[in-house]
Amino acid sequence: MSEYFIRTEQMTVGYDGKPLIKDIEIRMRQGEILTLIGPNGAGKSTILKSMTRQLRLIGGTVYLDSEIMSRMSGNEVAKRLSVVMTERIRPELMTCEDIVATGRYPYTGTLGILTKKDREKVWEAMELVHTLDFKDRDFTAVSDGQRQRVLLARAICQEPEVIVLDEPTSFLDIRHKLELLAVLKDMVRKKHTAVLMSLHELDLAQKISDYVLCVHGDRIEKYGAPEEIFTSEYIHHLYGITTGSYSDRFGCLEMERPSGEPRVFVIGGNGTGISVYRKLQRAGIPFAAGVLHRSDIDYEVAKVLASSVISEEPFSPVSSENIEKAKKLLESCGKLICCTDVFGPGNMKNRELLSAAEKLGIEIEKL
């Protein structure tokens, strides 16, 4: 048995004999989650379809547990690998339970008759992804999110060793996104299933993946652990971000900072200022923030949304020099927003900014 349960060698994928991405080398062990990320149209779905024989390979080889997949029968592959793609299937006169039951067909023989055990597997899978409540409804009559969960249940009841998913969180609300990923993680831990998928939600990819593969242009540009991939600099490069920014600390996007000289000065810290920064950004009001330690959670948002940030070294008392810089900046602003009433040894000097604002007759808003 190979160390890698699923792997590719010099795989080239594309359409109509024309290569789109060449020399793709993927290595996956059982019990791992590998996630494909990259811009729209980069070829993530094409890679997944080619690996699962929905598209013909232009070149190279895909191995499933050391066997060349192209030489395996459809039934052999279906017992070991299941697929959930984004295409909307529209079967006629089939309930949601009927759809899930098709996941047992590799085990039922030519007549496709389900045994009591098969039915139990169907119900277990539907219960796992919370679809039993609408099991008797026509599959075409349920919402896109419900369909996605039904298709996941179908894949689960195949009892695969590898599950391949193309944008599985599409159409799902927040609750069901988290539940779906929890189900996948549980399969990985308890059943040692290998999960190969594509995701658009970078925050989810960062949190759930063991490894991440980045598709960019006509090649696989980077392949590694989330800690190596999800840096602000690389994500900006991968997606060509020119408006707004990506925070690697939070794994989220921030909008572009308002232009112009700051009109409001914000005293925050320990997360108290973040909602104010975003509120000012939404209103298009340029603002300044300080004095913030560079280890403070507020600093990560302020540095991308504020016109100016007065910052201090981590774990150091706020210096007199930085307070004087902040006072000069405060004088040019017409308003001060103070988001905290807690001043400890580290930020005690920020209290001086409140006193300075009062002496200058600047409008003060305390939250």
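Look a little higher up for the structure.
Now for a quick tour of the structure. The residue numbers shown here count from 1 along each chain, following its written sequence. For a predicted model such as this one, the threshold for reporting local features is a pLDDT of at least 70, and the threshold for listing and counting side-chain atom pairs is 80 or more; totals across whole chains, interfaces and linings nevertheless cover every residue. Heavy atoms throughout the structure, all of them, feed into the side-chain values; hydrogens and water do not.

Topic: the pairing of strand β4 (residues 33-37)
Each regular strand shows side chains that alternate between the opposite faces of the sheet. The buried fraction of β4 is high, at five of five residues. Accessible area is worked out with a 1.4 Å probe on protein chains only. A residue is then buried under 20% of its type maximum, exposed over 50%, and partly exposed in between. The helix and strand labels rest on DSSP assignments: H or I over at least four residues marks a helix, E over at least two residues marks a strand, and numbering proceeds from the N terminus. In β4, alternate side chains face the same way, and those of Ile-33, Thr-35 and Ile-37 on one face and Leu-34 and Leu-36 on the other are all buried. Here a strand pair is declared whenever DSSP counts at least two bridges between the two strands. Where β4 lies against strand β9 (residues 194-198), four bridges are found, and the strand directions are parallel. Across the sheet, residue Ile-33 finds its bridge partner in β9, namely Val-195. Bridging between β4 and strand β10 (residues 211-216) involves four bridges; their strand directions are parallel. Its bridge partner lying in β10, Ile-37 is registered against Cys-214.

Some points on the sheet that holds strand β8 (residues 162-166)
The sheet built from six strands is open, its strands ordered β7-β8-β9-β4-β10-β11 with mixed pairing. Lying at the two open borders of the sheet, with one neighbouring strand each, are β7 (81-84) and β11 (219-224). The mean inter-strand angle of the sheet, taken between neighbouring strand axes irrespective of direction, is 15°. Sheet topology note: the β10/β11 ladder contains five bridges and is antiparallel. Fitted lines through C-alpha atoms serve as axes, helices being fitted only where they are in contact, and the angles separating the N-to-C directions of these axes extend from 0 to 180 degrees.

Re the sheet that holds strand β18 (residues 363-366)
Overall, parallel pairing links the five strands, which are arranged β16-β15-β14-β17-β18 in an open sheet. The open sheet has two edge strands with one neighbour each: β16 (308-312) and β18. Here the strands of the sheet are splayed against their neighbours by 15° on average, with no regard to which way each runs. Inspection of the sheet shows strand β14 (residues 264-267) paired to strand β17 (residues 335-338) by four bridges, in the parallel sense. Note on β17: the bridge partner recorded for Phe-265 is Leu-336.

Some remarks on the state of the cysteines
Here, the term disulfide refers to a pair of cysteine sulfur atoms separated by no more than 2.5 Å. For the structure on display, the rule yields zero disulfides. The cysteine Cys-157 is free of any disulfide, with Cys-96 supplying the nearest cysteine sulfur at 13 Å.

Some details on the pattern of salt bridges
Each reported salt bridge corresponds to a side-chain nitrogen of Lys or Arg within 4 Å of a carboxyl oxygen of Asp or Glu. This model, assessed by the stated rule, comprises 29 salt bridges. Between Arg-80 and Glu-161 there is a salt bridge whose closest N-O contact spans 2.6 Å. Separated by 81 residues along the polypeptide, Arg-80 in helix α2 (residues 74-80) and Glu-161 in the loop between α6 (144-157) and β8 bring together distant segments of the chain. The partly exposed category is assigned to Glu-161, whose relative accessible area is 25%. Of the charged contacts in the structure, one is a salt bridge between Lys-349 and Glu-352, with a shortest N-O distance of 3.6 Å. By relative accessible area, Lys-349 is classed as partly exposed at 27%. Glu-352 gets classed as partly exposed once you look at its relative accessible area, which sits at 32%. Taken together, the shared-partner salt bridges in this structure form one network comprising Asp-65, Glu-67, Arg-80 and Glu-161.

Quick look at the side chain of Arg-147
Relative to the assigned elements, Arg-147 resides in helix α6. Taking the relative accessible area as the measure of exposure, Arg-147 reaches 12% and is therefore buried. For Arg-147, the side chain forms a polar contact with the main-chain oxygen of Phe-139, separated by 3.3 Å. Pairs of N or O atoms are called polar contacts if they sit within 3.5 Å, as long as, within protein, a hydrogen donor faces a hydrogen acceptor (for residues adjacent in sequence, only side-chain-to-side-chain pairs).

A closer look at the environment of Met-187
One can find Met-187 in helix α7 (residues 174-191). For Met-187, a relative accessible area of 6% translates into the label buried. In this structure the C-alpha to C-alpha distance between Met-187 and Glu-161, which are 26 residues apart in sequence, comes to 9.6 Å. In this structure Met-187 touches Ile-156, His-192 and Thr-193, once residues within four positions along its chain are discounted. Any two residues whose heavy atoms approach within 4.5 Å at even a single point are treated as in contact.

Some points on helix α10 (residues 232-239)
Inspection of α10 places Ser-232, Tyr-234, Ile-235 and Leu-238 among the buried residues, and these make up the whole buried set. With its buried residues spanning 165° around the axis, α10 presents them on a single face. Lining the buried residues of α10 we find β4, α8 (202-208), β10, β11, α9 (226-229) and β12 (245-247). Just beyond α10, the residue with positive phi is Gly-240, at close to 60°. Starting at the helix axis, one direction is taken to each C-beta atom, and the arc is that of these directions.

What to know about the pairing of β9
Of all five residues making up β9, five are buried, and the element is well covered by its neighbours. Across the two faces of β9 the burial is the same, with Ala-194, Leu-196 and Ser-198 and Val-195 and Met-197 all buried. Relative to β9, β8 runs parallel, the two being bridged by five bridges. Looking at the pairing, Leu-165 lines up with Met-197 of β9. Assessed by its sense of winding, the connection that carries the chain from β8 through α7 to β9 is right-handed. The handedness rule is simple: strands pointing away from the viewer, and a clockwise path from the first strand over the helix to the second, make the crossover right-handed.

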